[in-house]
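# Residue-level structural notes
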Amino acid sequence: GFVTGIIPTLVCLITAVNALLKFCGEERIARFAQKCTGNIVLRYTVFPIMAMFFLTNPMAYTFGRFLKEEQKPAFYDSAVSMCHPITGMFPHANPAELFVYMGIATGIQQLGYTLGPIAIRFFIVGAIVILIRGVLTEYITKMMLKRKAQQASV
């Protein structure tokens, strides 16, 4: 099943994403990414999801280059937390986790449920979780940097 089903699908998805990046142009993507990072909600929802979708794991973390230093740990936390939820809808984003998802999916299908609604719910909950984690991690990072600056001035 992997050779005739999953592997060709992954190859096609990866090729399509790479072609889209080339057609759009890297400069346009860089400008768009900088616009997405200005708003805290977009920074920790849309931006990590785009990173995982377009660059996949582990290249997604390179999107952090568009962020300020104090925002990079929170972005990484958000992107890492999106690795699992995105797999149900977009298997090319994290193919290493596909085997875990397929194990869960097999159990769900044996119970008579379809995978679509569950994958969508998993994705939505993932988006909420990455927003919470991103905001909290950014807050903690800023507190630690402020504390470090205060200690350095003493």
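In every chain, residue numbers begin from 1 and rise along the written sequence. Totals for whole chains, interfaces and linings use every residue, but because this is a predicted model, local features are given only for residues with pLDDT of at least 70 and side-chain atom pairs only at 80 or more, for both listing and counting. The basis for every side-chain value is the complete set of non-hydrogen atoms in the structure, without hydrogens or water.

### Details of the overall build of the protein chain
Numbering of helices and strands starts at the N terminus; helices are DSSP runs of H or I of at least 4 residues and strands are runs of E of at least 2. Assigned secondary structure in the protein chain consists of 7 helices and 0 strands. When the helices and strands of the protein chain are listed from N to C terminus, the series reads α-α-α-α-α-α-α. The dimensions of the protein chain, computed from C-alpha atoms along their principal axes, are 65 × 40 × 20 Å. Buried means the residue's accessible area, taken with a 1.4 Å probe over protein chains only, is under 20% of the maximum for its type, while exposed means over 50%, and partly exposed covers the values in between. Relative to its full complement of 154 residues, the protein chain shows a buried share of 33%. Here the contacts in the protein chain between residues at least 6 apart in sequence split such that 67% fall between residues at least 24 apart. To be clear on the numbers: accessible area is Shrake-Rupley with a 1.4 Å probe, and residue cover counts the displayed protein chains and nothing else. Summed over its atoms, the accessible surface of the protein chain is roughly 9,500 Å², and 69% of this surface lies on carbon and sulfur atoms. When checking whether two residues touch, look at their non-hydrogen atoms; a contact exists if any pair is within 4.5 Å.

### Observations regarding the pattern of salt bridges
Within this document, salt bridges are pairs made up of a side-chain nitrogen of Lys or Arg and a carboxyl oxygen of Asp or Glu, the two lying within 4 Å of each other. Tallying each qualifying case throughout the model produces 4 salt bridges. Among the ionic pairs, Glu138 bridges to Lys142, the shortest N-O distance being 3.0 Å. Within this pair, Glu138 and its partner Lys142 are both found in helix α7 (residues 115–153), separated by 4 residues, close to a single helical turn. Judged by its relative accessible area of 40%, Lys142 falls in the partly exposed class.

### Here's the deal with unusual backbone geometry
Only a minority of non-glycine residues have a phi that is not negative, and only a minority of peptide bonds are not trans. One non-glycine residue with positive phi stands out, namely Thr56, at about 65°. Tracing the backbone through its elements, the reader meets Thr56 in the loop between α4 (46–55) and α5 (72–81). Residue Thr56 is classed as buried on the basis of its relative accessible area, which comes to 18%.

### Comments concerning the packing of aromatic side chains
Pairing of aromatic rings covers Phe, Tyr and Trp, the last through its six-membered ring, and needs centres within 6.5 Å; plane angles under 30 degrees mean stacked, over 60 mean edge-to-face, and all others mean tilted. Under the defined criterion, the tally for this structure stands at 6 aromatic pairs. On the basis of an interplanar angle of 50° and a centroid distance of 5.3 Å, the ring pair of Phe47 and Phe75 is categorised as tilted. Here the residue Phe47 occupies a position in helix α4, and Phe75 occupies one in helix α5, the gap between them amounting to 28 residues. Residue Phe47 is classed as buried on the basis of its relative accessible area of 0%. Here a set of aromatic residues connected by ring pairs shows up, and it is made of Phe53, Phe54, Phe90 and Phe123.

### Some points on α7
For a helix, the expected span equals 1.5 Å multiplied by the residue count minus one. Taking 1.5 Å of rise per residue, the 39 residues of α7 would be expected to cover 57 Å, and the 56 Å separating its terminal C-alpha atoms lies within 8% of that figure. Looking at α7, one finds that the buried residues are Ala119, Phe123, Gly126, Ala127, Ile130, Gly134, Thr137, Glu138 and Thr141. If you follow the buried residues of α7, they end up packed against α3 (40–43), α4, α5 and α6 (98–110).

### So, the environment of Ile132
Relative to the elements of secondary structure, Ile132 occurs in helix α7. Note on Ile132: relative accessible area 48%, which makes it partly exposed. Separated by 113 residues in the primary sequence, Ile132 and Ala19 have C-alpha atoms spaced 33 Å apart.

### Overview of the nonpolar core
Buried Ala, Val, Leu, Ile, Met, Phe, Trp, Tyr and Cys residues that are joined via side-chain atoms within 4.5 Å together make up what is termed a nonpolar core. Counting residues in hydrophobic clusters, the biggest one holds 22 residues, and the most contacted among them are Phe47, Ile49, Met52, Phe63, Phe75, Met82 and Ile86. If you list the elements that add at least two residues to this core, you get α2 (26–36), α4, α5 and α7.

### So, the state of the cysteines
Cysteine sulfur atoms are paired as a disulfide whenever they fall within 2.5 Å. Going through the model one piece at a time under the given rule, you end up with 0 disulfides. For Cys83, which is in no disulfide, the shortest distance to another cysteine sulfur is to Cys36 and amounts to 19 Å.

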